[in-house]
Structure formats: C-alpha cells, structure tokens
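# Breakdown of the fold
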Amino acid sequence: MSNVTAAVIANRNKKHFLGVPAPLGYVAGVGRGATGFTTRSDIGPARDANDVSDDRHAPPAAKRKKKDEEDEEDEDLNDSNYDEFSGYSGSLFSKDPYDKDDEEADAIYDSIDKRMDEKRKEYRDRRLREDLERYRQERPKIQQQFSDLKRSLATVTAEEWSNIPEVGDSRNRKQRNPRAEKFTPLPDSVLARNLGGETSSSIDPSSGLASMTPGVATPGMLTPTGDLDLRKIGQARNTLMNVKLSQVSDSVTGQTVVDPKGYLTDLQSMIPTYGGDINDIKKARLLLKSVRETNPNHPPAWIASARLEEVTGKVQMARNLIMRGCEINPHSEDLWLEAARLQPIDTAKAVIAQAARHIPTSVRIWIKAADLETEIKAKRRVYRKALEHIPNSVRLWKAAVELENPDDARILLSRAVECCNTSVELWLALARLETYENARKVLNKARENIPTDRQIWTTAAKLEEANGNIHMVEKIIDRSLTSLSANGVEINREHWFQEAIEAEKSGAVHCCQAIIKSVIGIGVEEEDRKQTWMDDADFCAKENAFECARAVYAHALQTFPSKKSIWLRAAYFEKNHGTRESLEALLQRAVAHCPKSEVLWLMGAKSKWLAGDVPAARAILSLAFQANPNSEDIWLAAVKLESENSEYERARRLLAKARGSAPTPRVMMKSARLEWALDRLEDALRLLEEAVEVFPDFPKLWMMKGQIEEQQERLEDAANTYNLGLKKCPTSIPLWLLSANLEERKGVLTKARSILERARLRNPKTSILWLEAIRVELRADLKEIASTMMARALQECPNSGELWAEAIFMESKPQRKTKSVDALKKCEHDPHVLLAVSKLFWSEHKFSKCRDWFNRTVKIDPDLGDAWAYFYKFELLHGTEAQQMEVLERCISSEPKHGEAWCRVSKDIRNWCYKTPDIIKAVVREIKIPV
C-alpha cells in the first residue's frame, strides 16, 4: 500500500512537459537572456533558427555537413533537372506571358543553332568514323581477334575437351591424364656435384639419374677409355641442336629451306594485312553474295567479291570466284583481266588465251597477253595474231611497231596506214622512216586522207627544211592555212604558236619563222597589234623560243619601222639572248629608221666599245652628233668613251666644245669632275664658280665645290659654300648631310645637330636625315639620346627600312631578333631590312639561313650595292670558290649604283676609274663583319 502511495506522489510532483518533445524553434534559456554556446561534448546548434550562422569555430564534422548540403544544392543543376526551354530550376521569367515575339525569337535562335550544328556535321561525322576505324585497326576487340577460334570450337571432340588442362588445377590434371609421367631434368651443376668430379662407366639406378637417359646411348659422350663424362651433357645437347638446324636449314643444292634466325619474321608475315572489323567483312560478303545471286551477269559484283577476298588474304577463294564469274560472263573483258591479274603468270597466260577465244576483238585482252610474255619474239607473235582479228586498232599497230627494227617497222606502218588511214601518228611515223621522196608521197597521201590536221602540213615543212628546200617552207605553211580554212578548220593563234615553238625545239628554225609570219596577224584588231605582238614576243622568250621571239619582233618592226619602243625592246632582247653581232646589226637598222633616238646610238657605241673596237664606237658617236647636234647624252657619252680609254686631252676638248654648244648643268659638272679627277683643283674650282653663277639651283655643283674645298682643308670656305647652296637648294638632302658632317668634323656637335634639325623642318618625313642625326649621337657615345631619337624617327617614318635596319643593331643581342620581327612586319619587302636580317643571321653563325636571306635581298633590289658587298664578303669567308665567283658575276651583271658604303667608295674621286669588280672589292675591304 505504501509503495502505491509513493508512486502517486511522484507522478503528482512530475512536470507536465517532461518526456514531451520541445516545440519548434525552442532554445533553452532564451527567455531569461541566455545565449547558446557550443562545447566539445555538445556539437548541436544552440542558436535561434533565424540567427546568422558563424562557422569560424565550427568543428570539421559541421563543415563537412555544410559542404554536403551545398553539393545537394548543386545536384539541382544536373541533366535530370534541365528543361530545354526553361533551363535549370525553372525560368527567371516564368511569371511573364509567352507571346508571339518570344516565340519568333526562339524560332530564330533554334534555326541559328541548327545551322551551326549542320555546318560541321558532315566533317565531324566523317572524322569520328575515321578515328573509330583507325582505333579498331590499331586495337581490335578481343571478340574480333578470337572469333575464328571460337567458331572452330564446334569441331572439338569430347576427348579433346577433357584433355584441356585447367589453369592452376594440378589435381584435376592428374585425374584427367593419370598415365602422364612428370620428368624434371636436373642441371649440370647438380650432376657434377653428385659425382664429385669423377668419371664412371655406369649410373646407379637408385640415384635417380637413370631416368634422364632410359636406355638411350648418346654418341660422343664416352671418353676414349669408355668412361662416361656426365659434365659434358649440356655441351652435347647444344651440339646436337646445331647439327639438326644445319641439316634442316640447307638442302643438297645449297638452297635455304629454313632460316633459323628469321622464322619468327616469316610467321609474322603470314598474319592477314587487313585490320578492319571482321563484322564489316561478313556484311560485305553477304551483300556481294546477294548481288551475285540476284544478277549473276553483273561483272562488277564478281570483281568486287574477288577483291574483298584478296584483301582479307584468301587469294585462292578470290581466284575461284573470279573464274566462276568468267564462266557465267565469258564476254566481259574486265572479268578476264581481273582473273589474269589474280593468277600466277603461267596460269594467267592460259586464262588470257581463253579470254582471247571468247573476245577476239578486245584490244585490252591482246595487250595483256603480250605483256605476260617475256620474250620479244613471243610478244610479236601475239601482236600479229591480234592484228589479224583487229586490223583497225591504232593502239595495237603502235605497240607492234615499237617492237620491230626500222625496216620491219616501215613495212608494218605501210600496212597500218592502209588499215587506219585516219591516224595522224601512223602517217607521221611512216614518213619519218621513209626516204625524202617517199616521205613526200606519204605526206601527200596523208593530206588526202586527213585534210583537217595541221601537223601533217608542219611535218612537210620541216621535211623540206631538213633537205635544204628553204624556199618551199613558207609556201607549204601558206598553203596549209588556205587548205585548212577551206575545210572548215578554225585557225587558232595559240595552237599555231605552240606548233612554232615545237618546230624551233626540233631544230626547224625557218619553219617556226614561217609559221609566226603567217599566223601573227590572224584575229588581231588593228589598234591592238603592237601590244599583242609584244606580248607574243614575251611569251616566246619565256618559253625559251628565241627564234620565234625574233620572228615576232621582225614582223612588228616591219609593220611599225618608226616605233622607237619596239626597236628598244628588240635591242634589249638581243642584248640578253642574242650575240653581239646580232645586236649591232639590229642597232644599225634601228638608227637608220629612228635617227633621233639617242639611246639607240649610245647602245651601238657601247657595244662596240665593250668589244674593244674604240674607233667604231667613235664613228657611231660622230654619226650620232650629225643626227643630234646638241644632244647632251651623246656629248657625255663621247667624253666617257675618251676618258675610259685614257684619252683625257680629247675628253677635255670635247667638254670644252660641249660647254660652247650645249652648256647644260651636267656638262658643267662632268667638266669640273674631270678636272678634279686629274687633280687640277684650281681649274675645277674655276669651272664650278662659273657654273653656280649660271645654274645656282643644281645642287651637285655646290656639293662638288664644297668637297674640293674640304680636300684643300679650307673648311670655312666649304661651310660657306654649303650654306649658300642650301639657300638655293633647300630640298637637297645630300647637301644638308655634307654640311652637318663638316660641322661634326670640326667638332661642333651642337651646330651639326642644329643643321640636321633645320633639315628635318624643311624636309619632313625624310628618314635619311633622322638616320644621320641618330648616328651623330651614336658617334658621340650618347646611346640614350640616340634611342630616344630612334623612337621619334620611327613614329614619323614608320615604314622606313633604313631606320628599322639601324634599330635592329642598336638593340642588345638578345633583343635583336624581336626587333627584326617587328621590322619585317612593317617593311616586309624592304632591301635594307632584309640585309639587316641577313647580317643578324651571320652574327649568329647561321650560315645557311644567312645565304638564303642574302639571295632574297639581292633578288628584291639588285641595284643595292651594299647587299652585294656583304654577300660577297660572306662567301669569301664561308663559301666555296664557285659560290664566290657566282656572286661576283651576278653583281657585275646587275651593275649596282646605290648603297651607303657602295656610293662612299664609288663617288670617291680617287676611285673614279673603278669598275664594278674593283668597287665591290674595295667596299668589302671597308665594311666590317657584323657582331
């Protein structure tokens, strides 16, 4: 009773909320102002649900929990939650209405996406197929590799199946083959150790060694005393193996049967070369079989089937298939030819013979039959038999003629042209083999049978020319044009020009000239004749048909005898491709028709002078004086002729006469220069003072006067001369440079800078003035100022090759290559930049690239002497003698006139007699190797 009372009292004192779950959001102590906290034993949240979380002191488990929650949120962005229209997790504008504009915009975007997808679809699919096929070839599936073996398992018997050992199951192996005995050979070291180095005539049966040789006596193992030396067992085994290999490897005749070293390679070669999918082969077989059964009279199906088997390595099956196809389609030459290709040579002959019986009119069959024969006599017999069946085949006649000697070939061709009277090749071949008289008859018959072919006419013309009947050539060509036109053949200028070029290459010069003369005016408008004919001449020259080009020029000059431009082009053509005699003969005719053309007179005089005939050159110039009495060029040419031949007094007298009759600035300059070169400085100065009074705006007169005064060390007078000259000629860049250099030479750098600054103001965007100002600073060792000026110069003249070339070598060595790339981007085809890049490769010892860039430079601008000089110096140091001579000869033929170092040498009055070889060698001595 007391226990029950105690329980009732306890229940009455118990709080009603004990054992009841806490309400949502309840946090203990919040009502009395307490805040939650976290301890190591209690890692649960002790904050209000609406409080901002603070993870700074959260344990790793809590952080992991939070990360898992974030991952769950990311899972909402997977493909399962993706909607094609709204995207992930619904649309941002799902509340807005979907109207027609939205529908139209979506349609446009869909069409763009579809177009972009189709644009590369074909290429993408093809690339995917190729990659997959290549991958299957390199790494075939296990299923493909062992599919043949799996099919062969159907023929395995139950006894063979039971004898297959299980991997690692020795117990089952013993049960399946209980009678099998296991022998383990012992190494020689064990035998030697057991015997202890002794020899014995018998083996103890209880020792376990008798099992190795059960009743077998090995020859060669006994000692002379009859003892058995067991230590030589290993040596004897190797010896026997070598003997057996030698016996199998060579037969009685010495022909190798087995290669003991290369048998593995032979086995490798037996693997089928086809690496595709075996399922594709099966499908192809089934498909081709269906085609053959459906339409057995379709030869391509049989050929495709045979080639499929050939590719997969089953050649015999391919042969059987193709022969079956030949039986069903005996009149298909493609099948017979494929069968002959697949068969061995002896069998192929029989196959082709059978084919010839079924298709005696097939040219390809007979040609294949002849190709299978190895002896010439047998080939001839085949072709003779073929021509009995097909007498009108040009191909067979040509093949048969090629095997015969000239006499038999002529007989064959006589019969061939009877059977194939429309074959131009056979007629022409017969004409070439016949004598002159018979050839004429043959060609006449050919013209009767084929009146529309031009080759017969041109061959007749060549025949007449070859036999000395030059007068008949032009007649035959004229008659050919008339006959062809009468037979309705269109006269094509291009075809006839090509015929003329072929005639020249065959040596028929008169024939090609007659063709050009006859067809050059056909189809050309009267106002276009000159330009068209010049284009024809250029075309012939490019084809190396120089006689055709001469014929074109001759006809053009005959039509336009007073056109100076045609005479000049013809003269330059003779100069480049003709002889000196032909050039002089042409120039004589030219000056007769164009006596007022000074260039033609001068070319004739120069040709005589270069040939060493100075009197003839003087005679030509005297005739030129008569035709052009006051010509400055002819006066100066006469002076140059005399001065080059050391006739200085005659040159002075000529110049005096020229000053009296034609007092031009050039005549005055040449007069003063001759006196300067002869070291008559006072006479030169007197002439120059007179000249600058008459011609004050000719800058070269002021320049020469100042240079002579510098030579006399009269620097102040030279400075005054330059200043006066600049007032008269403010646009003369060389005059500004001479004045600045004089001040620099005097040591007054400030004044030199001032002069160059004034020059740049008067002549803006002039790169040479900027370059000289930069070099003034560099010579004064003020590299920073020079770099600043270079930057300003490149801003004003961004496409100046001279500035970029200087900028490359102003940089440090590691930066030069980058600078050269920038220079090439700005001035890709500038010779100065190309020369700088060549020198850069030279300094880096990249000689092969350097030579290539030098060649590019001189090809772009052959008039730049500095490029030739650097190129020649490079070859002198790193090239062969042949390369050195080649560069020198190319430079002489180009006759360069410009270049900084080149002009410094060539314009030096001390080198006034230098020719091109002397100048380039002097420049080579002056320039330095780039570093």
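How each quantity is defined
Residues numbered from 1 in each chain as written. Predicted model: local features only at pLDDT ≥ 70, side-chain atom pairs only at ≥ 80, totals over all residues. Heavy atoms only, no water. UniProt positions renumbered as here; feature names shortened; annotations may be inferred. Phe/Tyr/Trp six-rings, centres within 6.5 Å; stacked < 30°, edge-to-face > 60°. Helix = DSSP H or I, 4+ residues; strand = E, 2+ residues; numbered from the N terminus. Lys NZ or Arg CZ within 6 Å of the ring centre and 35° of its normal. Axes fitted to C-alpha atoms, helices over the stretch in contact; angles between N-to-C directions. Parallel < 35°, antiparallel > 145°, perpendicular 65-115°, else oblique. Left-handed = near helix turned anticlockwise from the far one by under 90°. Contact = heavy atoms within 4.5 Å. Polar contact = N/O pair within 3.5 Å; in protein donor to acceptor, adjacent residues only side chain to side chain. Patch = residues over 30% accessible without salt bridge, like charges linked within 9 Å, V, L, I, M, F, W, Y side chains within 5 Å. Areas by Shrake-Rupley, 256 points an atom, 1.4 Å probe, with all protein chains shown as cover. Salt bridge = Lys/Arg side-chain N within 4 Å of Asp/Glu carboxyl O. Lys, Arg positive; Asp, Glu negative; His and termini not counted. Charge placed at Lys NZ, Arg CZ, Asp CG, Glu CD. Buried < 20%, exposed > 50% of the residue type's maximum accessible area, 1.4 Å probe, protein only.

As annotated in an unreviewed UniProt entry, the chain carries the name Pre-mRNA-processing factor 6 and comes from Musca domestica. Turning to the chain, the UniProt record has this under Function (unreviewed entry): "Involved in pre-mRNA splicing as component of the U4/U6-U5 tri-snRNP complex, one of the building blocks of the spliceosome. Enhances dihydrotestosterone-induced transactivation activity of AR, as well as dexamethasone-induced transactivation activity of NR3C1, but does not affect estrogen-induced transactivation."

Enumeration over the complete set of coordinates arrives at 10 aromatic pairs. Between Phe847 and Phe874, the aromatic rings sit 6.0 Å apart at their centres with planes inclined by 55°, giving tilted as the arrangement. One end of the pair, Phe847, is in helix α46 (residues 847–860); the other, Phe874, is in helix α47 (residues 865–878), and 27 residues separate them in sequence. Aromatic rings pair up to connect Trp842, Phe847, Phe854, Phe871 and Phe874 into one cluster. Seen from the ring of Phe809, Lys839 lies directly overhead, with NZ or CZ sitting 5.3 Å from the centre.

Quick look at the packing of helix α22 (residues 436–449) against helix α23 (residues 454–466) now. Relative orientation and spacing of two packed helices are given, respectively, by the angle between their axes and the distance between those axes. It is the contact of α22 with α23, at a shortest axis distance of 10 Å, that shows an interaxial angle of 165°. Considered as vectors, α22 and α23 are oriented roughly antiparallel to each other. Handedness of the α22/α23 crossing: left-handed. Across the interface between the two elements, Tyr436, Ala439, Arg440, Leu443, Ala446 and Arg447 from α22 touch Ile456, Trp457, Thr459, Ala460, Leu463 and Glu464 from α23.

Attention now goes to the UniProt feature "coiled-coil region" (unreviewed entry) in the chain. On the UniProt side, "coiled-coil region" (unreviewed entry) is annotated at positions that read residues 125–152 and 638–691 here. A distance of 37 Å separates the end C-alpha atoms of residues 125–152, which is 86% helix and 0% strand.

So, on to the side chain of Ser518. With respect to the secondary-structure elements, Ser518 resides in helix α26 (residues 509–519). Reaching out from Ser518, the side chain makes a polar contact with the side chain of Asp478 at a distance of 3.0 Å. Filtering out sequence-adjacent residues up to four positions away, Ser518 remains in contact with Ile477, Asp478 and Leu481.

This paragraph deals with a negative patch on the surface. There is a patch of like negative charges on the surface, built from Asp96, Asp99, Asp101, Asp102, Glu103 and Glu104. Its location among the elements puts Glu103 in helix α3 (residues 100–119). Judged by its relative accessible area of 47%, Glu103 falls in the partly exposed class.

Attention shifts here to a positive patch on the surface. Judged by side-chain charge, Lys575, Lys606, Lys640, Lys670, Lys700, Lys897 and Lys907 come together as a positively charged surface patch. Examined against the element boundaries, Lys640 turns out to sit in helix α33 (residues 632–644).

So, about the side chain of Asp453. Along the chain, Asp453 turns up in the loop between α22 and α23. Summary of buried charges: Asp453 has no salt-bridge partner, and the nearest side chain of opposite charge, Arg454, is 6.4 Å away. Only 2.9 Å separates the side chain of Asp453 from the backbone nitrogen of Gln455, close enough to count as a polar contact. Ignoring anything within four residues of it in the chain, the contact list for Asp453 reads Val424 and Leu484.

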